[in-house]
Amino acid sequence: MGSRGTFYIETFGCQMNERDSETISALLAQEGMEPSDDPGTADVIILNTCAVRESAEAKVWSRLGKLHAMRSGDEPVFVLAGCMAQLPDTLLRLKRRVPFVKIVSGPGNIHRIPDLLQEARADRKAGLLTAVSPARTGVTRDESTQILPEGLPRKQIPGVSAFVTIMYGCDNFCSYCIVPYVRGPQVSRLPGDVIGEVRDLARRGYKEVTLLGQNVNAFGLDFGGERRETGPYGFAALLKDLDRIEGLHRIRYFTSHPRDFTKEMVDAVRQCEKVCEHFHLPLQSGSDNILKVMNRGYSKDEYLDLAGHILDTVPDASITTDIIVGFPGETEEDFQETLDVVRRVRFDGAFTFIFSPRKGTAAAKMKGQVPKEEKSQRLQRLVELQSGITLERNTEMVGKEVEVLIEERDPKDPALWRGRTRTNKMVLAEAGPGVSPVGRMVNVEVREAGVWYLKGPVRDSEELRSP
Ligand code: SAH
Ligand code: SF4
Ligand code: F3S
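Residues numbered from 1 in each chain as written. Chains lettered and ligands numbered in written order. Predicted model: local features only at pLDDT ≥ 70, side-chain atom pairs only at ≥ 80, totals over all residues. Heavy atoms only, no water.

Counting secondary structure elements, the chain contains 13 helices and 22 strands. Taken against the 2.2 N^0.38 rule, which gives 23 Å for 467 residues, the C-alpha radius of gyration of the chain at 23 Å falls within 12% of a compact globule. Overall size of the chain, expressed as C-alpha extent along the three principal axes, is 65 × 65 × 50 Å. The buried share of the chain, taken over its 467 residues, is 54%. (Helix = DSSP H or I, 4+ residues; strand = E, 2+ residues; numbered from the N terminus. Rg over C-alpha atoms; globule rule 2.2 N^0.38 Å. Buried < 20%, exposed > 50% of the residue type's maximum accessible area, 1.4 Å probe, protein only.)

Among the surface-exposed residues, Leu391, Val451 and Trp452 lie close enough to one another that they form a single nonpolar patch of about 310 Å² accessible area. Within the element layout of this structure, leucine 391 appears in helix H12 (residues 372-395). Owing to a relative accessible area of 34%, leucine 391 belongs among the partly exposed residues under this scheme. (Patch = residues over 30% accessible without salt bridge, like charges linked within 9 Å, V, L, I, M, F, W, Y side chains within 5 Å. Areas by Shrake-Rupley, 256 points an atom, 1.4 Å probe, with all protein chains shown as cover. Salt bridge = Lys/Arg side-chain N within 4 Å of Asp/Glu carboxyl O.)

Here we take up the pairing of strand E4 (residues 77-82). Counting buried positions over the 6 residues of E4 gives 6, a clear majority of the element. Relative to E4, strand E3 (residues 44-49) runs parallel, the two being bridged by 6 bridges. Within the sheet, the bridge partner assigned to threonine 49 lies in E4 and is glycine 82. Regarding the hand of the β-α-β motif, the stretch spanning E3, helix H2 (residues 54-70) and E4 is right-handed. In this structure, E4 lies alongside strand E5 (residues 101-105), joined through 4 bridges in parallel fashion. Note that in E5 the partner of phenylalanine 78 across the bridge is valine 101. (Pairing = 2+ DSSP bridges. Right-handed = clockwise from strand over helix to strand, strands pointing away.)

Turning our eyes to something else, we now look at the nonpolar core. The nonpolar side chains of a soluble globular protein tend to be buried, and buried together. Among the nonpolar cores identified, the biggest contains 57 residues, and Leu211 and Phe279 are the most heavily contacted of them. With 6 residues, the single largest contributor to this core is helix H7 (residues 235-243). Counting 25 residues, the second largest nonpolar core, distinct from the first, contains Tyr8, Val98, Val101 and Val182. (Core = buried A, V, L, I, M, F, W, Y, C linked by side-chain atoms within 4.5 Å.)

Take the site of ligand 1 next. Around ligand 1, a shell composed of 15 residues is seen, among which Arg53, Gln214, Gln284, Asp322 and Ser356 lie nearest. One of the side-chain N or O atoms of glutamine 214 is found 2.7 Å from a nitrogen atom in ligand 1. Relative to its unbound accessible area of 540 Å², ligand 1 is 91% covered by the protein chains. Put simply, the parts of the chain that give the shell around ligand 1 at least two residues each are strand E15 (318-325) and strand E16 (349-354). Looking at the shell around ligand 1 residue by residue, the class counts come to 7 nonpolar, 4 polar and 4 charged. (Near = heavy atom within 4 Å. Polar contact = N/O pair within 3.5 Å; in protein donor to acceptor, adjacent residues only side chain to side chain. Nonpolar A, V, L, I, M, F, W, Y, C, P; charged D, E, K, R; others polar.)

In the region of ligand 2, the neighbouring residues are Cys170, Asn172, Phe173, Cys174, Tyr176, Cys177, Val179, Pro180, Gln214, His257 and Arg296. Among the residues forming the shell around ligand 2, the class breakdown is 7 nonpolar, 3 polar and 1 charged.

Quick look at the domain arrangement of the chain now. For the chain, the domain assignment lists domain 1 (6-131), domain 2 (148-395) and domain 3 (401-464). A separation of 26 Å is found between the C-alpha centroids of domain 2 and domain 3. At the interface, 22 residues of domain 2 touch 20 residues of domain 3. Carbon and sulfur atoms supply 51% of the area that domain 2 and domain 3 bury against each other, a total of about 1,600 Å² over both sides. The largest contributions to the domain 2 side of the interface with domain 3 come from Val160, Arg250 and Asn394, which together make up 37% of the buried area. Inspection of the domain 2/domain 3 interface yields 4 salt bridges. Taken together, the elements giving at least two residues each to the side of domain 2 that touches domain 3 come down to strand E13 (250-254) and H12. Broken down by element, the residue count for the side of domain 2 that touches domain 3 peaks at 6 residues, all from H12. (Domains from an automatic or database assignment. Contact = heavy atoms within 4.5 Å. Buried area = accessible area lost by both parts, 1.4 Å probe.)

All right, on to a negative patch on the surface then. Taken together, the side chains of Glu31, Asp115, Glu119 and Asp123 define an acidic patch exposed on the protein surface. Among the structural elements, aspartate 123 can be located in the loop between helix H4 (113-122) and strand E6 (129-131). (Lys, Arg positive; Asp, Glu negative; His and termini not counted. Charge placed at Lys NZ, Arg CZ, Asp CG, Glu CD.)

Right, let's get into the packing of helix H10 (residues 300-313) against helix H11 (residues 332-345). Where H10 contacts H11, the axes come no closer than 11 Å and their chain directions differ by 10°. Compared by their axis directions, H10 and H11 come out roughly parallel. Note on element contacts: H11 touches H10 through Glu337, Asp340, Val341, Arg344 and Val345, opposite Lys300, Tyr303, Leu304, Ala307 and Leu311. Grouping the constituent residues of the contact of H10 with H11 by class yields 6 nonpolar, no polar and 4 charged. (Axes fitted to C-alpha atoms, helices over the stretch in contact; angles between N-to-C directions. Parallel < 35°, antiparallel > 145°, perpendicular 65-115°, else oblique.)

Once that is clear, we can look at unusual backbone geometry. Following phenylalanine 254, the chain continues to threonine 255 via a peptide bond in cis, the omega torsion being 5°. Even without glycine at this site, glutamine 284 takes up a positive phi of about 70°. Within the secondary structure, glutamine 284 sits in the loop between strand E14 (278-280) and helix H9 (288-294). Notably, asparagine 295 is not glycine yet its phi reads approximately 65°, a positive angle. Locating asparagine 295 in the fold gives a position in the loop between H9 and H10. Using a relative accessible area of 39% as the deciding quantity, one classes asparagine 295 as partly exposed.

Right, let's talk about the sheet that holds E3 for a bit. Taken in spatial order, the 6 strands line up as E2-E1-E3-E4-E5-E6 in an open sheet, and their pairing is parallel. The outermost strands of the open sheet, each flanked by one partner alone, are strand E2 (34-35) and E6. Strand direction decides the pairing type here: strand E1 (residues 6-11) and E3, joined by 5 bridges, are parallel. Counted as the bridge partner of isoleucine 9 is isoleucine 46 from E3. Against the sheet, helix H1 (residues 15-30) contacts E1, E3 and E4, and its axis sits at roughly 175° relative to E1. On top of the sheet, H4 reaches E3, E4, E5 and E6; it is set at about 155° to E4, its chief contact.

This brings us to the pairing of E1. Alignment of E1 against E2, held across 2 bridges, turns out to be parallel. What sits directly across from phenylalanine 7, in E2, is proline 35. As a crossover connection, the stretch from E1 through H1 into E2 is right-handed.

Rendered as structure tokens:
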């Protein structure tokens with residue numbers, strides 16, 4: 001059977017989208033299409049998009065323009081998938097600005113992409129074909145609308161680490177955030193399905209899984225009636241069940257919500273051998289006033305309590321965070337509260353963002369929007385403080401030995417191998433010639449530290465010694 005053509009996917013945004021792109025690839029491969037990494041020749045070009053900030057959208061619009069210009073003369077089928085597909089404005093703008101886009105598919109509808117492609121290729125003159133969910137429905141359990149995408153294929157990526165979605169959507173409505181609108185309400189997968197998928201990955205040689213959800217700590221809370229004798233089946237129970245899977249070495253999860261991170265879950269992380277000692281705890285702001293209008297559901301003190309509890313009970317834990325500066329109404333004093341938390345927790349790392357008003361969210365309409373200049377200055381001050389702390393935290397590792405799961409050869413220096421510690425720090429390992437250490441756990445002696453990496457020679461590795 002000849003190829004049914006080639007497809008090229010570009011992914012923007014978070015790991016959810018990366019995971020969705022794997023499924024899209026697999027669905028198209030099932031139809032006999034071949035993946036391509038050349039947008040200059042592929043028959044189908046898919047952009048899997050993100051809507052979380054204005055800048056994320058801007059990237060997609062400009063990329064669409066560039067790709068179209070590159071292909072002037074021939075006509076690949078352009079597909080806009082992902083979170084932007086769910087914004088009402090996107091459809092209007094597509095028709096006006098980029099009429100060459102033929103298919104739009106929201107994250108809850110990726111299973112329909114193959115059919116839509118067939119339609120679009122059968123009728124080149126067809127108008128815009130859309131598969132988007134009605135407002136505030138994403139993935140649902142209701143088979144009459146969308147289905148929970150169980151049993152969809154995934155692209156087999158040879159590797160050591162895999163993403164596993166454990167829940168879709170989000171119910172939190174943090175006032176700045178578009179995600180609950182574009183991804184729909186929270187729907188957890190059934191524990192058995194998650195465990196089955198992870199078991200299968202372990203059997204196929206994956207050493208590490210990262211559990212994905214917008215608020216993994218709320219896993220299972222949407223089940224309602226589904227209870228075990230010991231109480232509700234929640235995130236802690238899931239971690240304990242996954243910890244028993246043979247062959248797997250590491251379990252990560254992303255993203256946590258400080259409001260829903262219970263002490264029971266911290267205990268589960270400590271007890272479970274495979275669950276890594278890395279806590280990504282988005283702070284967003286250190287000011288009680290701002291946290292309240294953000295609708296985050298915790299105070300500065302509650303956040304500090306949780307971080308303190310983690311550092312007290314989990315040896316060698318790392319904590320990273322997300323912070324937004326310039327939320328409407330944020331004063332210099334509010335910003336100082338954020339800096340105070342940064343100094344007190346001494347985060348291992350932080351993703352820092354300038355508030356971006358998203359149409360349809362509560363914060364976009366709030367009074368007291370902070371001037372652009374002020375926002376950039378606050379970001380700069382925050383980044384400066386945090387990079388100093390990150391460097392200090394990493395420098396504390398010099399002289400220690402860390403366990404590293406090697407992921408790939410360093411793209412810049414062929415004498416180095418890249419991997420991460422259990423605490424999610426990037427390591428450049430000097431392994432010397434011999435067998436490729438990819439997929440192996442090695443011990444690295446840290447000799448050098450930067451803001452983004454630790455570096456040193458491989459010291460010892462049972463797996464490297466035994467054939
Ligand atoms: N569900 C996750 C992450 C969602 S988006 C969580 O709750 O943490 C990732 C990060 O983008 C957020 O943590 C937040 O810091 C940032 N973000 C979301 N909306 C934003 C906006 N409108 N402007 C700037 N940053 C935003
Ligand atoms: Fe957005 Fe808040 Fe949901 Fe995270 S928890 S996706 S920030 S609404
Ligand atoms: Fe972006 Fe959608 Fe993820 S908006 S951050 S790709 S959930």
